[in-house]
Amino acid sequence: MGVKAKKRDLKLNHEVEEEETGKNALPNTGGKAKEHIEQLQRLQTKDPEFFEFLKEHDKELLEFNDEDIDEDADDDVEDADGDVEDADLHENYKSNKPVVSEKEETPSKKSITTEMVDSWCHSIEENGKLVALRSLLKAFRTACHYGDDNGDDISTKFSTMSSTVFNKIMLFVLSKMDGILRKFLKLPSTGGKKEMIQELMTTKKWKSFNHVVKSYLGNALHILNQMTDTEMISFTLRRLKYSSIFLVAFPSLKRKYIKVALHFWGTGGGALPVTSFLFLRDLCVRLGSDCLDECYKGMYKAYVLNCQFVNATKLQHIQFLGNCVIELFRVDLSVAYQHAFLFIRQLAMILREALNTRTKEAFRKVYEWKYINCLELWTGAVCAYGSEVDLKPLAYPLAQIISGVARLVPTARYFPLRLRCIKMLNRIAASIGTFIPVSMLLLDMLEMKELNRPPTGGIGKAVDLLTILKVSKPTLKTRAFQEACVFSVIEELAVHLSQWSYSVSFFELSFIPVVRLRSFSKSTKVQRFQKEIKQLIRQVEANAEFTNERRNSVSFLPNDPVVSSFLEDEKKLGASPLSQYVSTLRQRARQRTDSLSESSVLYGEHSSVFGKSGSDSEDEDTEGRKGTSAFSSTWLPGSNSKEKHPEEKKSKKKKRKMEQQDKAAPRDEDVVEDLVLSSDEDDEPLSDTSAESDGNEDVEPIRKQTKKPKARSRGSKKKNCSPANKAKKRKTSR
């Protein structure tokens with residue numbers, strides 16, 4: 001009983017000292033520890049039997065020294081904002097862990113060497129030392145904050161490092177830290193849902209490790225904001241994607257990560273937009289409703305900001321962004337329907353205002369690239385999930401809005417916009433299998449006088465109808481514009497009729513279009529148009545004979561469900577005359593589009609399409625090689641991060657020029673709310689003085705600005721010289 005009483009008194013004394021050290025300031029912990037060590041030494045001399053008893057049954061009271069106090073007090077890792085929590089400090093004080101080396105425990109700052117990093121990595125991987133993990137994370141924090149204004153913070157233990165050490169720390173932490181943290185927390189090596197982290201947050205183990213996880217994620221977020229190289233950012237995001245499940249415990253960090261990833265997705269170059277999207281998608285899959293709303297709104301807002309201007313170079317980039325938004329809807333279609341309904345309703349309200357007020361300002365809000373690209377986005381969403389119960393109800397209101405936009409200003413100058421609307425309607429009709437009256441919109445275009453009279457403006461430049469919404473008055477009179485419009489009308493009308501070329505009622509459906517096409521072929525004086533129209537009429541009549549032959553042999557009524565199976569086998573083979581004719585028209589249109597494209601495209605055709613064969617997880621070896629190449633430079637965060645490459649400087653200058661053009665209309669934070677009109681168009685877009693549509697305006701004005709000053713300078717010299725010469729002649733004559 002005497003031994004137990006002594007042990008109880010010693011523990012009580014120890015606990016009292018722990019409470020005092022927890023309450024007092026950090027510099028006093030060393031003196032308390034020395035007093036306790038001296039007390040243990042006196043115990044060994046006074047009562048050796050009790051000391052031996054403690055060695056066998058309670059080693060925790062004896063394995064206590066001043067170095068442990070200094071290490072644990074210093075190794076209490078700061079959170080993302082650099083704050084030290086008192087509760088974690090008290091917990092670390094109680095946990096007496098072995099020390100890696102005596103050099104690491106010196107309180108003075110020192111530079112990090114390669115040997116130190118190697119020893120930490122070896123201790124973590126081989127022995128699972130927590131002290132080594134904390135030292136490595138402190139070095140990682142120093143690397144991420146290297147060169148910051150608060151670099152002299154006394155809470156940081158290390159001060160300087162070389163670029164080699166920086167690269168080694170970054171590669172090891174980003175590549176291995178997710179597996180290390182999961183091993184310490186006894187989690188599965190990969191994957192997981194938010195419920196797993198929510199259960200972990202109720203355990204004691206999480207209370208002692210949460211600051212470690214938060215330090216890793218917070219410091220990685222800090223260096224993401226410092227990086228400028230796209231390969232380094234892509235590698236960092238790829239590795240952080242595996243640890244995104246831990247963001248469940250840190251809502252503030254989660255919002256910051258979403259904001260950074262959205263920025264890289266909308267403005268990044270190379271493979272960075274794809275990597276950023278995969279990070280966001282993985283975050284939505286694992287966290288579910290906790291971040292779906294924020295990601296849907298943020299991606300739609302970023303899409304709207306990126307589609308204010310359209311040209312041949314930017315067209316596929318906008319298509320890529322739209323495909324990313326549509327792909328993210330797949331995560332939860334019920335939540336996607338709620339957002340899609342609100343945004344489509346917003347577009348309908350803008351169109352209703354234009355129809356009611358009939359003012360130029362109201363028309364401008366509809367006839368701009370932001371509005372049209374939003375219609376393209378929701379058309380793609382309905383076409384992708386038209387068979388799903390969640391998004392199929394959106395097809396009808398969306399088709400009504402698109403039809404209203406096409407008829408809003410029925411003039412020849414807006415033929416490109418109307419053709420885009422007709423393309424969207426054809427896509428919706430094909431995806432949901434519902435008839436949409438598109439032929440009337442196309443046939444009304446053929447009856448306008450601009451396409452029925454010979455061109456008086458010459459041949460003109462080739463017109464790319466995909467990159468413009470409106471054409472100028474001189475362009476209306478050119479031969480190139482008339483050909484582009486008539487060929488596009490023929491193509492879209494053939495596509496519309498081919499969708500129903502296997503229907504029992506094809507003869508009745510095609511009767512009125514054939515009559516109006518014959519009227520146009522008689523009235524037009526352009527032989528090229530007559531030839532194309534007559535060829536389309538022949539194909540429609542041949543298709544009518546094709547369906548009538550099969551229809552004469554059937555015995556079911558029009559309201560019989562068997563009607564849906566009429567010519568089903570021929571439809572799978574594409575055997576109708578109109579289907580074969582449409583394939584040739586599309587090849588010709590593709591050749592015409594390729595001949596018009598003069599500039600290279602940022603994103604390839606296949607990069608904007610998401611296939612099912614691709615897996616989210618990547619090979620570790622390939623990632624290691626990518627990471628080594630990404631961090632093999634001499635880059636260090638801080639002052640060096642502000643130095644841009646020459647190519648980045650050039651791109652920033654171009655962006656500044658583009659921003660100066662629409663400087664009169666500053667961007668609101670809530671762009672999604674009201675789709676504020678950009679000021680890139682003229683003040684009176686519906687007047688006769690407006691020039692080419694937006695698509696060409698954002699490319700050609702820069703070239704014109706560089707050429708015009710030269711011409712003016714030459715002209716000004718001539719004007720300045722001629723009056724002087726005249727004055728000299730007058731003086732001589734006098």
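Residues numbered from 1 in each chain as written. Predicted model: local features only at pLDDT ≥ 70, side-chain atom pairs only at ≥ 80, totals over all residues. Heavy atoms only, no water.

Asks: Residue-level account of the overall build of the protein, with values.
Replies: A tally of regular secondary structure across the protein gives 33 helices and zero strands. Relative to its full complement of 734 residues, the protein shows a buried share of 47%. Of the contacts made within the protein by residues no fewer than 6 positions apart, 75% connect residues no fewer than 24 positions apart. Of the accessible surface of the protein, which amounts to about 37900 Å², a share of 51% is contributed by carbon and sulfur atoms. (Helix = DSSP H or I, 4+ residues; strand = E, 2+ residues; numbered from the N terminus. Buried < 20%, exposed > 50% of the residue type's maximum accessible area, 1.4 Å probe, protein only. Contact = heavy atoms within 4.5 Å. Areas by Shrake-Rupley, 256 points an atom, 1.4 Å probe, with all protein chains shown as cover.)

Asks: Quick one: what's the story with the packing of helix H10 (residues 204-226) against helix H11 (residues 230-240), residue by residue and with numbers?
Replies: At a minimum axis distance of 11 Å, the contact between H10 and H11 shows a crossing angle of 160°. Classed by the angle they form, the pair H10 and H11 counts as roughly antiparallel. The way H10 lies across H11 gives a crossing that is left-handed. On H11, the residues touching Tyr-216, Leu-217, Ala-220 and Leu-224 of H10 are Ile-233, Thr-236, Leu-237 and Leu-240. When grouped by side-chain class, the residues that make up the contact of H10 with H11 number seven nonpolar, one polar and no charged. (Axes fitted to C-alpha atoms, helices over the stretch in contact; angles between N-to-C directions. Parallel < 35°, antiparallel > 145°, perpendicular 65-115°, else oblique. Left-handed = near helix turned anticlockwise from the far one by under 90°. Nonpolar A, V, L, I, M, F, W, Y, C, P; charged D, E, K, R; others polar.)

Asks: Tell me about the nonpolar core, residues and numbers included.
Replies: When a protein is soluble and globular, its nonpolar side chains tend to lie buried together. Core analysis: the largest hydrophobic core is formed by 176 residues, its most contacted members being Tyr-216, Leu-217, Phe-246, Tyr-371, Leu-375, Trp-378 and Val-405. Among the elements that take part in this core, helix H8 (residues 163-184) stands out by supplying 11 residues, more than any other. Structurally, this core is a two-domain feature, drawing no fewer than three residues from each of domain 1 (288-409) and domain 2 (436-554 + 563-600). In terms of nonpolar packing, the next biggest core, distinct from the first, is built from five residues, Tyr-502, Val-504, Phe-566 and Leu-567 among them. (Core = buried A, V, L, I, M, F, W, Y, C linked by side-chain atoms within 4.5 Å. Domains from an automatic or database assignment.)

Asks: Just give me the short version of the side chain of Ser-510, but keep the residues and values in it.
Replies: In this structure, Ser-510 sits in the loop between helix H24 (506-509) and helix H25 (511-523). Accessibility expressed as a relative area gives 3% for Ser-510, which makes it buried. Within polar-contact distance, the side chain of Ser-510 engages the backbone oxygen of Phe-506 at 2.9 Å. (Polar contact = N/O pair within 3.5 Å; in protein donor to acceptor, adjacent residues only side chain to side chain.)

Asks: Describe the packing of helix H14 (residues 289-306) against helix H18 (residues 369-384), and please don't skip the residues or the numbers.
Replies: Geometrically, a packed helix pair is captured by the angle between its two axes and the distance between the axes. H18 packs onto H14 with a crossing angle of 135° between their chain directions and a minimal axis gap of 9 Å. On the basis of their axis angle, the class for H14 and H18 is oblique. Taken as a pair, H14 and H18 cross one another with a handedness that is right-handed. Contacts between H14 and H18 involve Tyr-300, Tyr-303 and Val-304 from the former and Lys-370, Asn-373, Cys-374, Leu-377 and Trp-378 from the latter. Its residues placed into classes, the contact of H14 with H18 shows six nonpolar, one polar and one charged.

Asks: I'd love a proper account of the packing of aromatic side chains, names of residues and values included.
Replies: In this description, an aromatic ring pair is defined by two values, namely the gap between the centres and the angle between the planes. The final tally for this structure, using the stated rule, is 14 aromatic pairs. Look at Tyr-296 and Phe-329: their rings are 5.3 Å apart centre to centre, the planes differ by 75°, and that puts the pair in the edge-to-face class. Of this pair, Tyr-296 sits in helix H14 while Phe-329 sits in helix H15 (residues 315-329); the two residues are 33 residues apart in sequence, bridging distant segments of the chain. For Phe-329, a relative accessible area of 3% puts it in the buried group. With 4.1 Å between their ring centres and 20° between their planes, Tyr-300 and Phe-343 make a pair best called stacked. Placement of the pair is Tyr-300 in helix H14 and Phe-343 in helix H16 (residues 333-357), with a sequence separation of 43 residues. One aromatic cluster is present, formed by Tyr-296, Tyr-300, Phe-329, Phe-343 and Trp-378 through successive ring pairs. In this arrangement the basic side chain of Lys-241 is found over the ring face of Tyr-242, its NZ or CZ atom lying 5.6 Å from the centre. If you follow Arg-588 out to its NZ or CZ, it ends over the ring of Phe-487, 5.3 Å from the centre. (Phe/Tyr/Trp six-rings, centres within 6.5 Å; stacked < 30°, edge-to-face > 60°. Lys NZ or Arg CZ within 6 Å of the ring centre and 35° of its normal.)

Asks: Which residues make up the environment of Lys-392, and what values go with them?
Replies: Mapped onto the elements, Lys-392 comes out in the loop between H18 and helix H19 (395-408). In this structure Lys-392 comes out as partly exposed when scored by relative accessible area, which is 43%. Taking C-alpha positions, Lys-392 is 7.6 Å from Ile-432, a pair spaced 40 residues apart along the chain. Discounting residues that sit within four places of it in the chain, Lys-392 has contacts with Tyr-385 and Gly-386.

Asks: Tell me about helix H23 (residues 479-499), residues and numbers included.
Replies: Along an α-helix, residues three or four apart share an orientation, since each turn contains 3.6 residues. Counted at 1.5 Å a residue, the expected span for H23 with its 21 residues is 30 Å, and the 31 Å between its end C-alpha atoms agrees. Here H23 lies mainly inside the structure; 20 of its 21 residues are buried. The N-cap of H23, judged by a side-chain oxygen 3.5 Å from the amide nitrogen of Phe-481 a few residues on, is Thr-478. (Expected span 1.5 Å × (residues − 1).)

Asks: So what's going on with a nonpolar patch on the surface? Which residues, and what values?
Replies: On the surface, Phe-507, Phe-511, Ile-512 and Val-515 cluster together to form a nonpolar patch covering roughly 380 Å² of accessible area. Mapping Ile-512 onto the fold places it in helix H25. (Patch = residues over 30% accessible without salt bridge, like charges linked within 9 Å, V, L, I, M, F, W, Y side chains within 5 Å. Salt bridge = Lys/Arg side-chain N within 4 Å of Asp/Glu carboxyl O.)

Asks: Account for unusual backbone geometry, naming residues and giving values.
Replies: Unusually for a residue other than glycine, Lys-186 sits at a positive phi of about 60°. Of note, Arg-358 is a non-glycine position whose phi angle comes to about 55°, a positive value. You can see Arg-358 is positioned in the loop between H16 and helix H17 (360-366).

Asks: Please give an account of the pattern of salt bridges that cites residues and values.
Replies: Within this structure, the stated rule accounts for 18 salt bridges. Put simply, Arg-427 and Glu-376 hold a salt bridge, and the shortest N to O gap is 3.3 Å. With Arg-427 in helix H20 (residues 415-432) and Glu-376 in helix H18, this pair connects stretches of sequence that are 51 residues apart. Where Arg-479 meets Glu-483, a salt bridge forms, and the shortest distance between an N and an O atom there is 3.0 Å.

Asks: Before we move on, could you go through the environment of His-496 and cite the residues and values that matter?
Replies: Note on placement: His-496 falls in helix H23. For His-496 and Phe-435, which are 61 residues apart along the polypeptide, the C-alpha to C-alpha distance reads 9.3 Å. Setting aside anything within four residues of it in sequence, one finds His-496 in contact with Asn-426, Phe-435, Ile-436, Val-438 and Ser-439.

Asks: Which residues make up the environment of Leu-305, and what values go with them?
Replies: With respect to the helices and strands, the residue Leu-305 is situated in helix H14. In this structure the C-alpha to C-alpha distance between Leu-305 and Lys-370, which are 65 residues apart in sequence, comes to 7.9 Å.

Asks: Describe the side chain of Arg-239, with residues and values.
Replies: When you line up the elements, Arg-239 lands in helix H11. Judged by its relative accessible area of 4%, Arg-239 is buried. At a separation of 3.2 Å, a polar atom in the side chain of Arg-239 contacts the main-chain carbonyl oxygen of Leu-174.

Asks: Outline H11, supporting the account with residue identities and numerical values.
Replies: Taken across its 11 residues, H11 has nine buried, putting it largely inside the fold. Residues Met-232, Ile-233, Ser-234, Phe-235, Thr-236, Leu-237, Arg-238, Arg-239 and Leu-240 constitute the buried set of H11. A side-chain oxygen of the first residue of H11 lies 3.2 Å from the backbone nitrogen of Glu-231; this N-cap is Asp-229.

Asks: So what's going on with the confidence of the model for the protein? Which residues, and what values?
Replies: Summarising the model, the protein shows a mean pLDDT of 75, and 67% of its residues fall at 70 or more. Here residues 676-734 is a poorly scored stretch, pLDDT under 50, and it has 82 contacts once near neighbours within four places are set aside; other chains count. (pLDDT = per-residue confidence, 0-100.)

Asks: How would you summarise the state of the cysteines if you had to cite specific residues and measurements?
Replies: Under the counting rule described, the total for this entry stands at zero disulfides. Of all cysteine sulfurs in the structure, the one in Cys-284 sits closest to Cys-291, which takes part in no disulfide; the separation is 4.0 Å. By relative accessible area, Cys-291 is classed as buried at 0%. (Disulfide = S-S within 2.5 Å.)

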